[in-house]
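Structure assessment
This is what each chain is made of:
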Amino acid sequence: MSTPELVTVTIDDRAVQVPKGTGLVETALAAGVEIPVFCYEPRLGPAVGACRMCLVEVEGMPKLQAGCTLTAQDGMTVRTAQTSAKAADGQNATLEFLLVNHPLDCPVCDKGGECPLQDLTFRYGPGRTRMTFPKLTFDKPIPISPTIALDRERCILCYRCTRFSEGVSEDGELVTVNRGAQSMIATFEDEPYRGRFSGNVIELCPVGALTSTQYRFLARPWEIQNVPSVCGLCPVGCNIDVTTREGKVKRVLSRNHPEVDEGWLCDKGRFAFSHPHARDRITEPLRRVRRRGFEELSWDDAVDEAERMLRAAGTRIVTALSGSETIEQAYALGKLLRQGLGAHAAVLPEETSTALDALRLPLSAIRDAELVVVVGDQPVEERAPVVDLWLRAARRRGAEIVTIGPTGSIQTPPGSAPQVCRDLAAENNELGRRLRGGQRSIVIWSGPDGRGGEHIAALAHALGLADVAGSGAFYLPDTPNGRGVADAWSAVADGEPADPEPIALLIVSGDEAAANPGVRALAERAEMVLAITMFQGLAVGWADLVLPGTSYLERDGTYMNLEGRVQRLRRTVIPPAPDELAWLAKLAGRFGVELSPHPSLVFEDVSARLFGGLAFADIAATAALPTRAKAAPRPPLPEPEPQLGGDGLRLLRYRSLFSGAAVERVAELQFQRPAREVEISPEDAAAKGIASGNEVAVRHNGTSVALRATLNRRLAPGVVRIADEHAGDLGARVEVGRA
Amino acid sequence: MPLRELVLEGAGERDLTKLGEYREVGGYAALERALGMDPGKVIEEITVGTLRGRGGAGFPMGRKASLIAKGSPNPTYLVVNADESEPGAFKDRQIMGTVPHRLIEGCLITAHGIESRSVFIYIRGEYLHEFEVMRAALEETRGADLLGGITIVLHRGAGAYICGEETALLESLEGKRGQPRTRPPYPPITGLYASPTQINNVQTIATVPKIIELGGAEFAKIGPQNSPGTAVFSLSGNVVRPGNYELELGTSLRELIYDIGGGVAGGRELKAIIPGGSSVPVLTPEQLDTPLDFDSIAAAGSFLGSAAVMVIDDRCCMVQLALRVSKFYMHESCGKCTPCREGTRWLVQLLDRLEGGQGTQADLDLLDSVCARMLGRSLCALGDFAVYPVSSYMEKYRDEFQAHVDEAGCPFGGESSVEGILAPVDQHSHHKTVEVPA
């Protein structure tokens, strides 16, 4: 890329040099001058110039200009309200007009105290009103979804929310209806706003028109703390600010990491924060008592009990990890079990591949790509939602996005991703040839799990993407910190795991592991089970000892996201029980293992082995991505998996974004959970005489599940798709018929 | 001065909605001639003819065409603005209803000139009859193989004044909410579907065949030097013979109103003249000798606009008229930008109070202030259009406004009449649906 030409712009008599074409708002900022804005938000696309807050005087132009719509040109002379009476009058007038029909109910408004309208009125607006007529009124508040309330009287019609819906998340559900002063924001056809990213409009709103139903009337800005942390609900690792008040989490806000999330959050990350307060949260250790169910026991007794179980099991221990532990927790567990007891056997959350380290890119590189090929069976937006936004941004910028899978732009049967990788790597493949020849080519693997990371790395290496700075590969893992957990576990010791038979003790770390059917099957074979979970109902019932787990909102430590970026989690509230590191350190001491209860010290230990000695304190608030590894392994291309034989339709299960232990415990998110439905291609539906909305029976080997059929035009014929939680025990081949 | 019909030529004598009749008066000969010319030459003729846009702004059509982005990977479009919605204007209605082929011919010539293959005519939704006439004419043209591979699409608006603003029209045409875009980029660079777009008013395009027929140099000799050609003036209000009259530009207001229009109806006295549709500043009887061309009207402090001349007699209360006009702009403000959305409503509230007799001196000052704070600050011209009438009425008929405060009511009592000048906004006809043949 060539260096952009620098131009000199004078703003309020201050000269500043910026690249030609820089927005005037940013140019002014570079000169230390504020051009106030409401509607301007570069992340929403081109400026619209609607609110007129940014009116400035530009030399040579007779009328005031909307500063947000201008770009820096050489020799431009601009005057803002600071030095131009005309601009000051223009901005003052805009605020007067905005307040003419604004209710000014700041004392009871959630936005009060952190409200751009309030702030700018204080800085630029009239001190008193000249409006003596009744103000416009609307019905309010309108719940546009169970998570968002709309107050149309407070709305200043900046169209940030509708522009987000139309131009960022592209769900098109938020619209403007009516005209003039009667204009109002509404959902399309008054349906609930069901987008995966709907909550972002709350943060975009520069007034108190869109508020969170979870946060309404609960706090004032001067009595809250915002703690910078990272979301722990998916492998993207969006940066967040966690608002707490009196020791409780009240809301989650985005914290823009321009390379990771660009300031967007999915609704799960934003709204699922109340799960630590769920009624079935385990706050005391629980021991199974024969015929009496469970009893609480003191922490001293619990640690004694755990010690007794560990000593009895010796090396015959299997540890099942969730992938949601912090790096420090996984390392601490490993240190206790592997160094202290020589118990090396583990069920790791997922396979990880270091081969991708040579293909590393920030997620924002997707936006800048020319060609992106997404391979796999799982929908990106369910697995790593913000990646879907990056893909949409890329498409809007003119990139070509090719998806290859059962719902792809190129349709393939489930399980064919390894074959697709082989095909794309072939010399004569046209798409592969274009990936190979491009300057910004990206390949992404989105399920199935297993060795996908290795496979996509193999494809990327075969295409030579490691040698091109703007090209690379991503693997969308299943768990938020699977890579970090696996790396930490293996970094502890070198011992070879041997599968113990029989299993004397199964340690189940985390709710995800406890919900994993594979882990449950192991539990059947284990003599004893020790579980670390947050909620009743997961391990309670089959674990002999349950120790309370903590949420990502309650932990200090680090996660590694899908890019390979190590990010800091901060304890935003005190957990109701001692955290894992506290009792692990105590327990470790009894086995002669030195383990600190402090994450920063544990991290030092891990970092020396994994991250080249990176200091805990040096992980920036917006963490850096390590450079590409030079000596990463180059795996061979995958062997194609044999296609599944048999009759019937191929069942593709997927895990909905709105599933899992946290989502299940948040009342406001229940409307987002997947419907009891089976997606079917129009071809198969026609062949079976099924219409959208029909009740159907999905059968497999004697099992039958009743679901509603819904036609999905993007789904490959021969495949049906059902959300995991509704698929029951159905196998890979199913029959679908009218109920 | 007699009528000088270029655009409406022949429509008085014959049914020019029929292709056969139109061809008999030389129709589509200019197209044939233009097709034999280099596209650049066509635009050159228009440029030499100094054809200024008849939609309101008077921007030279040739210069617009010269701005069209060259070498764009996207196609070039021609869009005809037939969303005539300015209160007082009904010229495009007559052009489409009586000489549809002249408009189509103009489209085809212009499309050739700018090398476009696609033409969109955006017709005001309420103009159902004119739409039908245009549709029938287009069918005939297609049947006679005159389109030469060019697609002409007739698109009906859905009843929004703002869609006459060119960028809002383009948004609407794209299927979006009809709201203006911020400019730049201008339509010749980024217009319809982000492609280079020429957009002109009906009358402008319908004048193009005459320019090709006469040649640009000859056309430029008609009327005043800087505003050559004719305009179809929509004469309305308190005048004896309202109607559309096509005259050379430069004809004086006096000639139009008195010689052609028969003067003020009922022998009443002329009080005010609106020379270019409800949005432009008002003129007084002392300005009757102003020539009706872009520059002369501008020099008189108003705009030629859409050449809709409204005659107002001495029965009219200017506060009532301002209120009626303001209600229209409040109703039609799209709501996108703040000054227009909020200001138009506030103006109505203030005028309503004034007319109701509750207005105070402070309200009068506030009215001035609101006008001043709206003017020049909106995203598109609608905000200014809402201000021009109010501020100019207040400037020129200040005594009347003052009297409303001093006498705590309307000095005209029940005697005032704004009937026949502008229909109240709630009487605007609503959008009719078209029967779709089975």
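Residues numbered from 1 in each chain as written. Chains lettered and ligands numbered in written order. Predicted model: local features only at pLDDT ≥ 70, side-chain atom pairs only at ≥ 80, totals over all residues. Heavy atoms only, no water.

1. Focus on the overall build of chain A
Counting its secondary structure elements, chain A contains 22 helices and 33 strands. A compact globule built from 739 residues should have a C-alpha radius of gyration of about 27 Å, and chain A, at 28 Å, falls within 12% of that. Considered along the principal axes of its C-alpha atoms, chain A spans approximately 85 × 60 × 55 Å. Out of the 739 residues in chain A, the part that is buried amounts to 60%. For chain A, restricting intrachain contacts to residue pairs at least 6 apart in sequence, the fraction spanning at least 24 positions comes to 71%. Total accessible area computed for chain A in this model is approximately 29,100 Å², and 49% of it derives from carbon and sulfur atoms. In chain A, 82 positive and 94 negative side-chain charges are present, and the distance between their average locations comes to 2 Å. (Helix = DSSP H or I, 4+ residues; strand = E, 2+ residues; numbered from the N terminus. Rg over C-alpha atoms; globule rule 2.2 N^0.38 Å. Buried < 20%, exposed > 50% of the residue type's maximum accessible area, 1.4 Å probe, protein only. Contact = heavy atoms within 4.5 Å. Areas by Shrake-Rupley, 256 points an atom, 1.4 Å probe, with all protein chains shown as cover. Lys, Arg positive; Asp, Glu negative; His and termini not counted. Charge placed at Lys NZ, Arg CZ, Asp CG, Glu CD.)

2. With respect to the overall build of chain B
Broken down by element type, chain B carries 17 helices and eight strands. Relative to the 2.2 N^0.38 estimate, which gives 22 Å for 438 residues, the radius of gyration of chain B is 22 Å and therefore close to what a compact globule would have. When its C-alpha atoms are laid out on the principal axes, chain B stretches across 70 × 45 × 45 Å. For chain B, buried positions account for 64% of its 438 residues. In chain B, of all internal contacts separated by at least 6 residues, the share reaching a separation of at least 24 is 74%. With the model as given, the accessible surface of chain B reaches about 15,900 Å², and the carbon-plus-sulfur share is 51%. One way to put it: in chain B the 41 positive side-chain charges average out to a point 5 Å from where the 56 negative ones average out.

3. Quick word on the domain arrangement of chain B
All names here are of chain B. In terms of domain boundaries, chain B breaks down into domain 1 (19–219), domain 2 (230–313) and domain 3 (318–429). If you look at the interface, domain 1 gives 16 residues, while domain 2 gives 19 residues. Taken over both partners, the interface formed by domain 1 and domain 2 buries close to 1,300 Å², and the fraction arising from carbon and sulfur atoms is 53%. Put simply, domain 1 and domain 2 have one salt bridge between them. Connecting domain 1 to domain 2 are 10 residue pairs in polar contact (both at pLDDT 80 or more). (Domains from an automatic or database assignment. Buried area = accessible area lost by both parts, 1.4 Å probe. Salt bridge = Lys/Arg side-chain N within 4 Å of Asp/Glu carboxyl O. Polar contact = N/O pair within 3.5 Å; in protein donor to acceptor, adjacent residues only side chain to side chain.)

4. Notes on the sheet that holds strand S3 (residues 151–156) of chain B
All names here are of chain B. Read from one edge to the other, the open sheet built from four strands follows the order S3-S2-S1-S4, with strand pairing classed as parallel. At either margin of the open sheet sits one strand with a lone partner, and together these are S3 and strand S4 (197–201). Ignoring which end each strand starts from, the neighbouring axes of this sheet average 20° apart. Where strand S2 (residues 118–123) and S3 come together, six bridges link them in parallel fashion. Bridged to Tyr 122 within S3 is His 155. Contacting strand S1 (77–82), S2, S3 and S4, helix H6 (residues 100–114) runs over the sheet at an angle of about 150° to S1. (Pairing = 2+ DSSP bridges. Axes fitted to C-alpha atoms, helices over the stretch in contact; angles between N-to-C directions.)

5. Quick notes on the environment of Asp 241 of chain A
Mapped onto the elements of the fold, Asp 241 of chain A is located in strand S12 (residues 239–245). For Asp 241 of chain A, the contacting residues outside a window of four places in its chain are Asn 226, Val 227, Pro 228, Arg 251, Val 252, Leu 253, Ser 254 and Arg 255 of chain A.

6. Focus on the pattern of salt bridges
Enumeration according to the criterion identifies 88 salt bridges over all chains in this entry. Glu 679 of chain A is paired through a salt bridge with Arg 721 of chain A; the nearest N and O atoms lie 3.0 Å apart. Taken together, the residues span a long stretch of sequence, with Glu 679 of chain A in strand S29 (residues 677–680) and Arg 721 of chain A in strand S32 (residues 719–723) at a distance of 42 residues. Notably, a salt bridge pairs Glu 130 of chain B with Arg 93 of chain B, separated by 3.4 Å at the nearest N-O pair. Separated by 37 residues along the polypeptide, Glu 130 of chain B in helix H7 (residues 128–143) and Arg 93 of chain B in helix H5 (residues 91–98) bring together distant segments of the chain. Judged by its relative accessible area of 39%, Arg 93 of chain B falls in the partly exposed class.

7. Some points on the interface of chain A and chain B
On the side of chain B, 32 residues touch chain A, which itself brings 38 residues to the contact. Carbon and sulfur atoms supply 50% of the area that chain A and chain B bury against each other, a total of about 3,000 Å² over both sides. If you sort the residues of chain A by the area they bury against chain B, Phe 97, Phe 133 and Arg 179 of chain A come out on top, with a joint share of 28%. Counting every contact that joins chain A to chain B gives five salt bridges. One salt bridge in this structure joins Arg 377 of chain B and Asp 89 of chain A, with 2.9 Å as the shortest N-O distance. Our count for the chain A to chain B interface comes out at 21 residue pairs in polar contact (both at pLDDT 80 or more). Elements represented by at least two residues in the side of chain A that touches chain B include exactly helix H2 (85–100) and strand S8 (174–177) of chain A. At 10 residues, H2 of chain A tops the list of elements feeding residues into the side of chain A that touches chain B. For the side of chain A that touches chain B, the class distribution of residues is 19 nonpolar, 11 polar and eight charged. (Nonpolar A, V, L, I, M, F, W, Y, C, P; charged D, E, K, R; others polar.)

8. Topic: the packing of aromatic side chains
Residues and elements named next belong to chain A. All told, the structure shown has 12 aromatic pairs over all chains when counted by the stated rule. Judged by centre distance (5.0 Å) and plane angle (55°), the rings of Phe 164 and Trp 264 are tilted. With a gap of 100 residues between them, Phe 164 in helix H4 (residues 160–167) and Trp 264 in the loop between strand S13 (248–254) and helix H6 (267–271) connect regions that are remote in the sequence. Considered together, Phe 164 and Trp 264 belong to a single accessibility category, that of buried residues. Three or more aromatic residues joined by ring pairs form one cluster here, namely Phe 603, Phe 611 and Phe 616. Here Arg 43 stacks its cationic end above the ring of Trp 264, 4.0 Å away from the centre of that ring. (Phe/Tyr/Trp six-rings, centres within 6.5 Å; stacked < 30°, edge-to-face > 60°. Lys NZ or Arg CZ within 6 Å of the ring centre and 35° of its normal.)

9. Overview of the sheet that holds S12 of chain A
All names here are of chain A. Taken in spatial order, the three strands line up as S11-S12-S13 in an open sheet, and their pairing is antiparallel. Edge positions in the sheet fall to strand S11 (225–230) and S13, since each has one partner strand and no second. Each adjacent strand pair in this sheet contributes to an overall mean axis angle of 30°, direction not counted.

10. Re helix H18 (residues 580–590) of chain A
An α-helical turn contains 3.6 residues, so a residue and the one three or four places further along point in the same direction. Residues and elements named next belong to chain A. Looking only at H18, the buried set comprises Glu 580, Leu 581, Trp 583, Leu 584, Ala 585, Leu 587 and Ala 588. Here the buried face of H18 lies against helix H7 (299–313), helix H8 (327–341), strand S24 (526–533), strand S25 (545–548) and helix H19 (599–610). The N-capping residue of H18, defined by a side-chain oxygen 3.2 Å from the backbone nitrogen of Leu 581, is Asp 579.

11. Observations concerning H7 of chain A
Residue and element names in this part refer to chain A. Here H7 contains 15 residues, and its C-alpha end-to-end distance of 21 Å stays within 8% of the 21 Å for a straight helix at 1.5 Å per residue. For H7, every residue scored as buried is listed here: Trp 299, Ala 302, Val 303, Glu 305, Ala 306, Glu 307, Met 309, Leu 310 and Ala 313. Phi turns positive, to about 60°, at Gly 314, one or two residues after H7. (Expected span 1.5 Å × (residues − 1).)

12. Section: the packing of helix H15 (residues 361–374) of chain B against helix H17 (residues 398–406) of chain B
Residues and elements named next belong to chain B. Contact pair H15 / H17: the axes reach a minimum separation of 9 Å and the direction vectors enclose 145°. For the pair H15 and H17, the sense of crossing is right-handed. Judged by residue contacts, Gln 361, Leu 364, Asp 365, Leu 367 and Asp 368 of H15 engage Arg 398, Phe 401, Gln 402 and Val 405 from H17. Here the residues of the contact of H15 with H17 are counted per class, giving four nonpolar, two polar and three charged. (Left-handed = near helix turned anticlockwise from the far one by under 90°.)

13. What to know about the environment of Gly 323 of chain A
All names here are of chain A. Relative to the helices and strands, Gly 323 resides in the loop between strand S16 (317–320) and H8. Sequence separation of Gly 323 and Pro 4 is 319 residues, and the distance between their C-alpha atoms is 44 Å. If we skip the residues at most four places from it in the chain, Gly 323 touches Pro 349, Thr 479, Pro 480, Asn 481, Gly 482 and Val 485.

14. So, the side chain of Ser 306 of chain B
Residue and element names in this part refer to chain B. Inspection of the secondary structure puts Ser 306 in the loop between helix H12 (294–299) and strand S8 (308–313). Among the residues examined, Ser 306 registers a relative accessible area of 9% and is labelled buried. Every residue in contact with Ser 306, bar those within four places of it in the chain, is listed here: Arg 54, Gly 55, Gly 56, Glu 86, Ala 89, Lys 91, Gly 276 and Gly 277.

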